[in-house]
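Each chain, written out:
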Amino acid sequence: MKIEGRVALLANLAISWGEAEIAHAADELAHAGMKGETEALIRHSARAGKDSTEVAVALAMLRVQPG
């Protein structure tokens with residue numbers, strides 16, 4: 001799938017997912033080295049009205065948990 005298709009998919013997911021799901025997906029994308037997709041997901045979640053602070057806190061919690 002080309003980058004445009006991935007970004008469109010992530011935009012749709014950002015609309016339907018909650019902040020914790022967005023944070024989890026962003027963490028997985030970042031670990032996979034998909035920086036552009038990570039940024040697109042977070043950017044589109046903000047545009048969709050998701051609370052960016054909640055996303056950031058959930059992402060931080062994922063990063064500090066052992067394992």
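None of these values were measured; they are calculated from a predicted model.

So, how was this worked out
Counting restarts for each chain, with residues numbered from 1 along the sequence as it is written. Owing to the predicted nature of the model, reporting of local features is limited to residues with pLDDT of at least 70; listing and counting of side-chain atom pairs is limited to 80 or more, with chain, interface and lining totals taken over all residues. Water and hydrogen atoms were dropped before computing side-chain values, which therefore reflect all heavy atoms in the structure. What we call a nonpolar core is a set of buried Ala, Val, Leu, Ile, Met, Phe, Trp, Tyr and Cys residues that are connected through their side-chain atoms within 4.5 Å. Only protein chains enter the area calculation, which uses a 1.4 Å probe; residues under 20% of their type maximum are buried, those over 50% are exposed, and those in between are partly exposed. A run of DSSP states H or I qualifies as a helix once it reaches four residues; a run of E qualifies as a strand once it reaches two. Both are numbered from the N-terminal end. Whether two residues touch is decided by their heavy atoms; if any such pair falls within 4.5 Å, the residues are in contact. Every angle, taken between N-to-C directions, lies between 0 and 180 degrees, and every axis is a line fitted to C-alpha atoms, over only the stretch in contact when it is a helix. Should the near helix be turned anticlockwise from the far one by less than a right angle, the crossing is termed left-handed; should it be turned clockwise, right-handed. For this scheme, ten residues count as nonpolar: Ala, Val, Leu, Ile, Met, Phe, Trp, Tyr, Cys and Pro. Four count as charged, namely Asp, Glu, Lys and Arg, and the remainder, Gly too, count as polar.

Enquirer: Looking at this structure, I do not really get the nonpolar core. What am I missing?
Expert: Generally speaking, soluble globular proteins have nonpolar side chains that are buried together. Counting 10 residues, the largest nonpolar core consists of L10, A14, I22, A23, A25, A26, L29, L41, V55 and L59. In terms of residues, this core owes the most to one element, helix α2 (residues 19-31), which gives five residues.

Enquirer: Before we go on, may I ask you to explain the side chain of D27 in this structure?
Expert: Summarising the element assignment, D27 is placed in helix α2. Look past the residues within four positions of D27 in its chain and what remains in contact with it is L59, L62 and R63.

Enquirer: Explanation requested: the packing of helix α1 (residues 3-16) against helix α3 (residues 35-47) in the structure shown.
Expert: For any two helices packed against each other, the geometry is given by the interaxial angle and the distance between the axes. Between α1 and α3, the least distance of the axes is 8 Å, while the angle of their chain directions is 35 degrees. Judged by the sense of rotation from one axis to the other, the crossing of α1 with α3 is right-handed. Side by side, α1 and α3 meet where I3, R6, V7, L10, A11 and A14 of the first sit next to E37, A40, L41, H44 and S45 of the second. Residues belonging to the contact of α1 with α3 are distributed by class as follows: seven nonpolar, two polar and two charged.

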